[in-house]
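Here are the chains, one letter per residue:
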Amino acid sequence: MRTLKLYVYLFGYIASKLKYISQAERLIEEGRNKEAHQLINRVAEKGTRKILNIAGAKTTVKGIENLSTEETYLYISNHQSNMDIPLLFTVIPKKPTFIAKKEMEKIPLLNRVLKTKGCIFLDRDNPRNAIKNINDGVKLLKSEESVVLFPEGTRSKGPEMNEFKAGGLRLAFKSGVKVVPVTIKNSYMLMEQNNGRIRPAEVEIIFSESIDVSQYKDAISLSEDIQNIIRKNL
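Residues numbered from 1 in each chain as written. Predicted model: local features only at pLDDT ≥ 70, side-chain atom pairs only at ≥ 80, totals over all residues. Heavy atoms only, no water.

**Regarding the overall build of the chain**
So, point 1. The number of helices and strands found in the chain is eight helices and seven strands.
So, point 2. On C-alpha atoms alone, the chain measures out to a radius of gyration of 17 Å, which is about the 17 Å that the 2.2 N^0.38 rule sets for 234 residues.
So, point 3. Expressed along its principal axes, the backbone C-alpha trace of the chain runs to roughly 50 × 45 × 35 Å.
So, point 4. In the chain, which comprises 234 residues, the share counted as buried stands at 51%. (Helix = DSSP H or I, 4+ residues; strand = E, 2+ residues; numbered from the N terminus. Rg over C-alpha atoms; globule rule 2.2 N^0.38 Å. Buried < 20%, exposed > 50% of the residue type's maximum accessible area, 1.4 Å probe, protein only.)

**Some details on the pairing of strand β2 (residues 73-77)**
So, point 1. With five of five residues buried, β2 is to be regarded as a mostly interior element.
So, point 2. By the alternation rule, side chains of β2 split into Tyr-73, Tyr-75 and Ser-77 and Leu-74 and Ile-76, which are all buried.
So, point 3. Both β2 and strand β6 (residues 178-185) contribute to a ladder of five bridges, which runs parallel. Note that in β6 the partner of Tyr-75 across the bridge is Val-180.
So, point 4. Sheet topology places β2 next to strand β5 (residues 147-149); three bridges connect them, and they run parallel. In the sheet register, Leu-74 faces β5, and the bridge partner there is Val-147. (Pairing = 2+ DSSP bridges.)

**Quick look at empty space enclosed by the protein**
So, point 1. The final tally for this structure, using the stated rule, is one cavity of 30 Å³ or more.
So, point 2. One number sums up the size of the largest cavity: a volume of about 40 Å³.
So, point 3. In terms of lining residues, the largest cavity is bounded by Leu-67, Ser-68, Thr-69, Glu-71, Tyr-73, Tyr-75, Ile-92, Pro-93, Lys-94 and Ser-146.
So, point 4. Among the residues making up the lining of the largest cavity, the classes are represented as five nonpolar, three polar and two charged. (1 Å grid on protein atoms, 1.4 Å probe; cavity = no way out; pocket = protein on both sides within 12 Å on 5 of 7 lines; lining within 4 Å. Points joined across faces, edges and corners; volume = space filled by probe spheres on them. Nonpolar A, V, L, I, M, F, W, Y, C, P; charged D, E, K, R; others polar.)

**Side note on helix α2 (residues 18-29)**
So, point 1. Taking 1.5 Å of rise per residue, the 12 residues of α2 would be expected to cover 16 Å, and the 16 Å separating its terminal C-alpha atoms lies within 8% of that figure.
So, point 2. Turning to α2, its buried residues are Ile-21, Ala-24 and Leu-27. Burial along α2 is one-sided: seen end-on, the buried residues are contained in an arc of 115°. The outward face of α2, more than 90 degrees from its buried face, is lined by the exposed residues Lys-19 and Glu-29.
So, point 3. Buried residues belonging to α2 abut α1 (2-16), α3 (33-55) and α5 (110-116). (Expected span 1.5 Å × (residues − 1). Arc of directions from axis to C-beta. Contact = heavy atoms within 4.5 Å.)

Below is the structure:
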């Protein structure tokens with residue numbers, strides 16, 4: 001029942017906000033991206049908070065004092081669940097956009113929300129698009145839009161963390177922003193552990209201290225250090 005309620009609410013809520021989504025799309029056509037993002041932030045946060053409430057996600061956040069609302073960050077997070085995007089969008093003070101899998105671009109209604117927020121859709125089967133994805137991400141970061149990257153490339157669907165793909169971390173080197181390692185614990189218990197059915201769970205999100213990438217020579221060494229930080233928190 002909880003699962004059905006969540007999906008009915010999700011698409012019903014988006015449908016009820018179509019006039020705002022259309023307004024944001026017009027703002028983007030006029031080159032007023034920042035205004036569009038601010039509009040979508042207000043609409044989306046109300047929705048994600050309700051989604052987490054329906055799912056029964058009892059969220060504990062640690063390290064929020066490590067974040068400044070005056071700074072733009074590249075958040076590097078492990079990825080356990082489809083619920084990770086609403087979780088992070090809800091708890092991060094300066095609302096970020098996401099680098100998400102290409103498949104999400106095909107979901108009706110939701111795809112319009114993601115696009116107006118500036119979401120970058122990553123096609124894992126088309127490496128030639130990687131350069132465009134990196135350039136799009138750099139533009140977002142330089143426009144003071146924080147970005148969330150899941151460098152595992154796919155959900156782990158459990159407590160273990162897959163190895164990171166270091167390529168995405170070039171975003172930090174090219175944009176010059178600081179990197180924040182993010183640890184998500186137990187979000188897989190909300191959905192993936194239950195064969196796609198939503199169940200209440202206690203989730204912990206930890207924001208570690210930001211990293212100045214100028215201290216690193218390459219993305220591989222940075223990736224290794226971030227993985228070690230997240231593993232220790234897990």
